[in-house]
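# Coordinate analysis (summary)
Listed below are the residues making up each chain.
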Amino acid sequence: MRATPPSLHSRRKFVNDGDFNRRIKEKLLILGTVCKVSANKYKIYADGEFYFIPARGVLKLRGKDIKVGDVVSFSNDVIENVEERSSFFPRTNVANVGMINIVIAPLPEPDFLLVDKMIAEAYAGGAKPVITINKADLSSGLADYVKDNYSLAVSAVFCVSAETGEGIKELVSFMRGSFVAFAGQSAVGKTSLINRIFGTDKTVNSLSEKTLRGRHTTTSREIHFSDGLEVIDTPGFSSVELCGVKSNELDKLYPEFEQFVGKCYYVGCSHTAEPDCLIKEAVSSGTISYDRYQRYLTIYKELKENEKRKY
Ligand SMILES: Nc1nc2c(ncn2[C@@H]2O[C@H](COP(=O)(O)OP(=O)(O)OP(=O)(O)O)[C@@H](O)[C@H]2O)c(=O)[nH]1
Ligand SMILES: [Mg+2]
Ligand SMILES: [Zn+2]
């Protein structure tokens, strides 16, 4: 029998409902993690067992939409309550994620604008971003580029190959104890990595020879559990807007800006056109990555334009 995933209890915020808490304590209610959602039924993992049960209709009426990753309490084979979420990521549609593993590969060629948006979304949502460069068996200068430009931006960078198994051990030990979502462009090898780590046999993308972009292969979301690991694969995507972030908050989602933010000459400096900007100086001196800063400008402009359209 497998144990309850380690992050389940830590990510459960205590809801101040005396009756629910009492029933959980007296084991009249069981706490579990929703690992798959399908037409009105939920696959739940709790204390080493899987349950496949519906939810009380009243939850929907109260506007409680149950997502993969949610912690729920249930009894008599029906979900009675959904615990408060510690995070929610619209892009992946998964709740309570603690770590976003952004997977890239030499092929298909990385879209770093998308990578930067995912990093900002991770911070905005309260999760730790890491970058995993897959397909290390194919030679490329990708690892050097990522290490040069992202060492301050993310918690860790891994170089792995789902094909050969290289680097997988290090990635696995880093992920242990967190609820991790794999995210990234289609065909970078997210599912291949999951298959390698969990010994599963999920369908992988047949990279189309013509475009080398691949089609979206993974379409469903399901959490994989094993030995202290809790990982979810998500469908690939190509280009999406940065959601849920305001332009004037963007700079706070760049760890490498942190020591300068709020200290520029102009109060509320956007680090775009203002003079005497410490961020721009740090870019000139090489403390902040030039490429990351250029993409910051692009994202800032996009957010500004969206805001103009809205108001
Ligand atoms: N050379 C090499 N190819 C790999 C590696 N990992 C995955 N691939 C190939 O990359 C292609 C895409 O793999 P998937 O695992 O389906 O990619 P995905 O990111 O899950 O794609 P979506 O589900 O569409 O988002 C497949 O043809 C894999 O065989 C690797 O480490 N090295
Ligand atoms: Mg996939
Ligand atoms: Zn500035």
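Scroll up to find the structure this text is about.
Nothing here was measured: the structure is a model prediction, and the numbers come from that model.

## Examining the coordination of the zinc ion (ligand 3)
Protein coordination at the zinc ion (ligand 3): the donors are Cys264 (SG), Cys269 (SG), His271 (ND1) and Cys277 (SG), at 2.1 to 2.4 Å from the metal. Considering all four donor atoms around the zinc ion (ligand 3), the spread of angles at the metal, 105 to 113°, places the coordination shape in the tetrahedral class. Written as a sequence motif, the donor residues of the zinc ion (ligand 3) are C-x4-C-x1-H-x5-C. Relative accessible area serves as the criterion here: at 8%, cysteine 269 is assigned to the buried category. A relative accessible area of 1% places histidine 271 in the buried class.

## Looking at the packing of helix α6 (residues 168–175) against helix α7 (residues 190–198)
Close contact between α6 and α7 brings their axes to 11 Å; oriented N to C, the two are set at 85°. Judged by the angle between their axes, α6 and α7 are roughly perpendicular. Taken together, the residues of α7 that come into contact with α6 (itself represented by Ile168, Leu171, Val172 and Met175) are Leu193, Arg196 and Ile197. Across the contact of α6 with α7, the residue classes tally to six nonpolar, no polar and one charged.

## Remarks on the packing of aromatic side chains
Two measures describe an aromatic ring pair: the distance that separates the ring centres and the angle between the ring planes. As enumerated under the stated definition, the model contains 13 aromatic pairs in all. Relative to tyrosine 296, the ring of tyrosine 254 lies with its centre 5.3 Å away and its plane at 90°, an arrangement referred to as edge-to-face. Of the two residues, tyrosine 254 sits in the loop between β13 (229–233) and α8 (278–284) while tyrosine 296 sits in helix α9 (residues 290–310), which places them 42 residues apart along the sequence. Judged by relative accessible area, which is 1%, tyrosine 296 ranks as buried. Three or more aromatic residues joined by ring pairs form one cluster here, namely Tyr254, Phe257, Tyr293, Tyr296 and Tyr300. The ring centre of phenylalanine 50 lies 4.9 Å from the NZ or CZ of lysine 43, which sits over that ring.

Calculation notes
Residues numbered from 1 in each chain as written. Chains lettered and ligands numbered in written order. Predicted model: local features only at pLDDT ≥ 70, side-chain atom pairs only at ≥ 80, totals over all residues. Heavy atoms only, no water. Donors = N, O, S within 2.8 Å, 3.2 Å for Na, K, Ca; no water. Tetrahedral: all angles 85-135°; square planar, octahedral: opposite > 155°, others 65-115°. Buried < 20%, exposed > 50% of the residue type's maximum accessible area, 1.4 Å probe, protein only. Axes fitted to C-alpha atoms, helices over the stretch in contact; angles between N-to-C directions. Helix = DSSP H or I, 4+ residues; strand = E, 2+ residues; numbered from the N terminus. Parallel < 35°, antiparallel > 145°, perpendicular 65-115°, else oblique. Contact = heavy atoms within 4.5 Å. Nonpolar A, V, L, I, M, F, W, Y, C, P; charged D, E, K, R; others polar. Phe/Tyr/Trp six-rings, centres within 6.5 Å; stacked < 30°, edge-to-face > 60°. Lys NZ or Arg CZ within 6 Å of the ring centre and 35° of its normal.

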